[in-house]
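Breakdown of the fold
Below are the chains, spelled out letter by letter.
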Protein chains: 2
Amino acid sequence: MPDSFDTPDAARPPISRSRRNTGRTVLSDVAKLAGVSTATVSRVYNEPDKVSATVRERVEHAALALNWFPNAAGRALASTRSHIAGFIIPTLDDQVFASQVSGMQAAFAARDITLVLGCSNYDPAQAIVQVRAMLARGVEAMAIVGEAHPAELFAALQLYRVPYAVTYAYREGSQHHCIGFDNRAAYAEITEHLIGLGHRSFAVCIQPTRDNDRVQARIAGIRSALERHGLAVRPEHLLEGESTIGFGRRCLRSIWQSLGERPSALICGNDHIAFGVLREAEELGIEIPDELSVTGFDDLAIAKEIRPALTTMRVDTAEIGRLAAQHLLDALDGKRPQHGHEVHALLQVRQSTGPCLR
Amino acid sequence: MPDSFDTPDAARPPISRSRRNTGRTVLSDVAKLAGVSTATVSRVYNEPDKVSATVRERVEHAALALNWFPNAAGRALASTRSHIAGFIIPTLDDQVFASQVSGMQAAFAARDITLVLGCSNYDPAQAIVQVRAMLARGVEAMAIVGEAHPAELFAALQLYRVPYAVTYAYREGSQHHCIGFDNRAAYAEITEHLIGLGHRSFAVCIQPTRDNDRVQARIAGIRSALERHGLAVRPEHLLEGESTIGFGRRCLRSIWQSLGERPSALICGNDHIAFGVLREAEELGIEIPDELSVTGFDDLAIAKEIRPALTTMRVDTAEIGRLAAQHLLDALDGKRPQHGHEVHALLQVRQSTGPCLR
DNA sequence: TTGTAGGCGTTATCAA
DNA sequence: TTGATAACGCCTACAA
């Protein structure tokens, strides 16, 4: 500064008034040791090509010697890029979601983005809290399982211009970018499979429909397929409950004990429930599939091992996670926004379903 | 400032040279709208008691009106607290680890700490990379599954004074704070159970021992129990492989086909492997447990449902996650460092084990 | 290719 | 109880 008089600042003693000093090694220490400016050190890690080989080497050497690495908070603040993405799932206690996380995390990690997880426990209110927390963390992109969430949630994402994707569910005409499979079509396919075997009387044991678009779509798929053939599920044969073996057992018992016509086919919301049904059938002496055909969903590893082997559907959930990450990375790269990506659920016909012998 | 002359700063035109301006709502906007200083706004969210009720209300109102919430990066930088904890697990594709994450995440969330996950895929090199990434993120605490990691990994944690805990494995005399169960004792107990049933010839089908202290401890537990009774596992009866149904099947086939004495008891590294063994036994016409006793580990939901029901051990993995989080929170609160916390694996004796009929 | 310096959004120190 | 202001660690527009 060319001014001939001291500025007030310069007039003060060189010891600054209050220095917090965290004691950790920072970028400027590396710059000093390497004999370069802080800008150069930064470039070595962010735009390596713009630095000459010799200088780069000197800096890397200094960083190694001081055991320094860039601080993420400082980086995020200065660059307004957090290198964080978020994923909100109902729970980790279901393999179906855990593997989506797994696939997504790997894909993001390859691009140096940290995936932060939020579990909503199937509660819309918790989902909103999680989204807010992620926005506070400055997530650059978000994924969320399913689309049955408060409008407020998606509004917040749009307000802050965070690209997002809905996973696991895929629906034509959805407002959102979906990466998943068509739950409705999948259950319509299961239903058609059974109808094709001659079944006319159906029961359904499925997860709670509340706040769950996937489950609602599945039931809609069953109903639409039945309708096409002039059929329907009787109210007392549509049971909702937790996705456990125990629920499956209770379902079959109550269906078998109730008065009125017994179904010849039972569609389950997933393999766990179906396992329960098969086990209970064994104890009640119900022949599978001759007396009752049973279907699951997810194709867990044991599905093809149990006796009778379970007819079910397989979805590549890890692939869904990977594709969702890719979709979001493309969005971050400013690429054209595809509407989404549909993967397909594959029917695995095994021993638990057979012709209706009525 | 009481100086009578303009400082150089004030002399400059009011338009600063380069203003980046991210366009987002920031704390100072709230301060302006509420008619208070930035310090006061900060206090409202960090030390609410130090702010009068009226002012607090005005600030909260302004924040709501502007839809503002604190930016995590700025917060982390200024406070040198990231509100982030890290957890490194081998993989999410194993329920045993996923539920630890689940329990830990819930416990941390209650204290407003975000849990960041890292998957090592059972690779020590990846584990180190993950730890470095977490240190860069400024994790305040860390957990990691098992203690078979490069010394360098723990050294880094200590160098940066990050409190950490080892989960899933608990070992007397460990250098680290462990929250888990004693793998060695658990498998010794399984072995004693079988010895008590009269078995003298054992086979073991277990996960790869490489870089895996839990598996190594399990084998050590088996050996020590056998030794106490003057017994041992023959090398050709100790098989290592992936934890899948397929591996279990291959194991039994190869053991049954090989020459020499057949074992009367088969100890598996987990329930998946055991399921495979049971299935293959069914196909080979081997009577369980009369011809062969089989044990698993984990007590998956289906373990008690399959026929014969599987003798196995149950560990509350979600509880391990919760306890580990609590341990780390205590450390952050400066509480006395307990050495760790042992939970116990519980033997579930069912139909797949029985007296040796040789 | 390298350096200078201001700013990213918040908290913490000190003074009022 | 409240306000003014200097950090926190890094990035980046601009100048050299």
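Placed above this text is the structure.
In short, a report on the structure. (Residues numbered from 1 in each chain as written. Chains lettered and ligands numbered in written order. Predicted model: local features only at pLDDT ≥ 70, side-chain atom pairs only at ≥ 80, totals over all residues. Heavy atoms only, no water.)

1. Quick word on the environment of His-193 of chain A
Residue and element names in this part refer to chain A.
- Positionally, His-193 belongs in helix H9 (residues 183-196).
- Sequence separation between His-193 and Val-96 is 97 residues; the distance between their C-alpha atoms is 24 Å.
- Dropping the residues within four chain positions of it, His-193 is found in contact with Thr-311, Leu-347, Val-349 and Thr-353. (Helix = DSSP H or I, 4+ residues; strand = E, 2+ residues; numbered from the N terminus. Contact = heavy atoms within 4.5 Å.)

2. Overview of the protein's contact with DNA strand C
- In the region of DNA strand C, 35 residues are neighbours, and Thr-40 and Arg-43 of chain A together with Thr-22, Leu-27 and Ser-42 of chain B sit closest.
- A share of 64% of the atoms of DNA strand C within 4 Å of the protein falls on sugar and phosphate groups.
- In the environment of DNA strand C, a phosphate oxygen lies 3.0 Å from a nitrogen or oxygen atom belonging to the backbone of Ser-37 of chain A.
- One of the backbone N or O atoms of Leu-27 of chain B is found 2.4 Å from a phosphate oxygen in DNA strand C. (Near = heavy atom within 4 Å. Polar contact = N/O pair within 3.5 Å; in protein donor to acceptor, adjacent residues only side chain to side chain.)

3. Points about the relation of the copies chain B and chain A
- In screw terms, the move from chain B to chain A is a rotation of 180 degrees and a rise of 0.1 Å along the axis, fitting with an RMSD of 0.2 Å. What the rotation and shift describe, once combined, is the action of a two-fold rotation axis. The rotation axis passes nearest to the C-alpha of Ala-73 of chain B in chain B, at a distance of 2.4 Å. (Least-squares fit on C-alpha atoms with pLDDT ≥ 70 in both.)

4. Focus on the sheet that holds strand S9 (residues 293-295) of chain A
Residue and element names in this part refer to chain A.
- On the basis of which strands lie adjacent, the open sheet formed by four strands has the order S7-S6-S8-S9 and parallel pairing. The open sheet is flanked by strand S7 (238-240) and S9, the only strands paired with a single partner. The mean inter-strand angle of the sheet, taken between neighbouring strand axes irrespective of direction, is 15 degrees.
- Summarising the sheet, strand S6 (residues 202-206) and S7 pair through three bridges and their orientation is parallel. Across the sheet, the residue bridging to Val-204 is Leu-238, located in S7.
- Contacts between helix H10 (residues 213-228) and the sheet are confined to S6, S7 and strand S8 (265-268), with S6 contributing the most and set at about 175 degrees to the helix. (Pairing = 2+ DSSP bridges. Axes fitted to C-alpha atoms, helices over the stretch in contact; angles between N-to-C directions.)

5. Thoughts on the interface of chain B and chain A
- Each partner contributes to the interface: chain B provides 51 residues, whereas chain A provides 50 residues.
- Buried area between chain B and chain A, summed over both chains or domains, comes out near 4,300 Å², and the portion from carbon and sulfur atoms is 56%.
- Of all residues in chain B, the largest losses of buried area upon contact with chain A belong to Phe-69, Arg-137 and Glu-305 of chain B, amounting jointly to 15% of the total for that side.
- In this structure, the connection of chain B to chain A is made through four salt bridges.
- Between Glu-305 of chain A and Arg-249 of chain B there is a salt bridge; the shortest N-O distance is 2.2 Å.
- Linking chain B with chain A are 16 residue pairs in polar contact (both at pLDDT 80 or more), by the criterion used here.
- The set of elements that each furnish at least two residues to the side of chain B that touches chain A consists of helix H5 (72-79), helix H6 (95-109), strand S2 (114-119), helix H7 (124-136), helix H11 (245-257) and helix H12 (271-284) of chain B. (Buried area = accessible area lost by both parts, 1.4 Å probe. Salt bridge = Lys/Arg side-chain N within 4 Å of Asp/Glu carboxyl O.)

6. Side note on the pairing of strand S5 (residues 178-181) of chain B
Residue and element names in this part refer to chain B.
- Where strand S4 (residues 164-169) meets S5, four bridges bridge the pair, whose relative direction is parallel. What sits directly across from Thr-167, in S5, is Ile-179.
- As paired elements, S5 and strand S11 (residues 340-342) share three bridges and run parallel to each other. Bridged to Ile-179 within S11 is His-341.

7. Describing unusual backbone geometry
- A cis amide bond, omega 5 degrees, links Ile-288 of chain A with the succeeding residue Pro-289 of chain A.
- Its place among the elements puts Pro-289 of chain A in the loop between helix H12 (271-284) and S9.
- With omega at -5 degrees, the peptide bond leading from Arg-307 of chain B into Pro-308 of chain B counts as cis.
- Tracing the sequence through the fold places Pro-308 of chain B in the loop between strand S9 (293-295) and strand S10 (312-314).
- Phi at Arg-161 of chain B is positive, roughly 55 degrees, even though this residue is not glycine.

8. Some remarks on the state of the cysteines
- In the structure shown here, the tally under the stated rule is zero disulfides over all chains.
- Free cysteine Cys-356 of chain A: the closest other cysteine sulfur is in Cys-268 of chain A, separated by 17 Å. (Disulfide = S-S within 2.5 Å.)

9. Some words on helix H2 (residues 27-34) of chain A
Residue and element names in this part refer to chain A.
- For H2, every residue scored as buried is listed here: Val-30, Ala-31 and Ala-34. Taken around the axis of H2, the buried residues stretch over an arc of 100 degrees, which confines them to a single face. Turned more than 90 degrees away from the buried face of H2 sit Lys-32 and Leu-33, all of them exposed.
- On its buried side, H2 packs onto helix H3 (38-46) and helix H4 (53-66).
- Gly-35 lies just past H2 and shows a positive phi near 70 degrees. (Buried < 20%, exposed > 50% of the residue type's maximum accessible area, 1.4 Å probe, protein only. Arc of directions from axis to C-beta.)

10. Some remarks on the sheet that holds strand S8 (residues 265-268) of chain B
Residues and elements named next belong to chain B.
- Strand order in the open sheet formed by four strands is S7-S6-S8-S9, and the pairing between neighbours is parallel. With one partner strand each, in any of the chains shown, strand S7 (238-240) and S9 form the two edges of the open sheet. For this sheet, the mean inter-axis angle between neighbouring strands, taken without regard to orientation, is 15 degrees.
- On top of the sheet, helix H10 (residues 213-228) reaches strand S6 (202-206), S7 and S8; it is set at about 175 degrees to S6, its chief contact.

11. Describing the pairing of strand S1 (residues 84-89) of chain B
Residue and element names in this part refer to chain B.
- With six of six residues buried, S1 is to be regarded as a mostly interior element.
- Here S1 shows two buried faces, one formed by Ile-84, Gly-86 and Ile-88 and the other by Ala-85, Phe-87 and Ile-89.
- Relative to S2, S1 runs parallel, the two being bridged by six bridges. When the bridges of S2 are listed, Ile-84 appears paired with Thr-114.
- On the question of chirality, the crossover connecting S1 to the parallel S2 by way of H6 is right-handed.
- Pairing of S1 with strand S3 (residues 141-145) involves four bridges; the strand directions are parallel. When the sheet's bridge partners are listed, Ile-88 is paired in S3 with Ile-144. (Right-handed = clockwise from strand over helix to strand, strands pointing away.)

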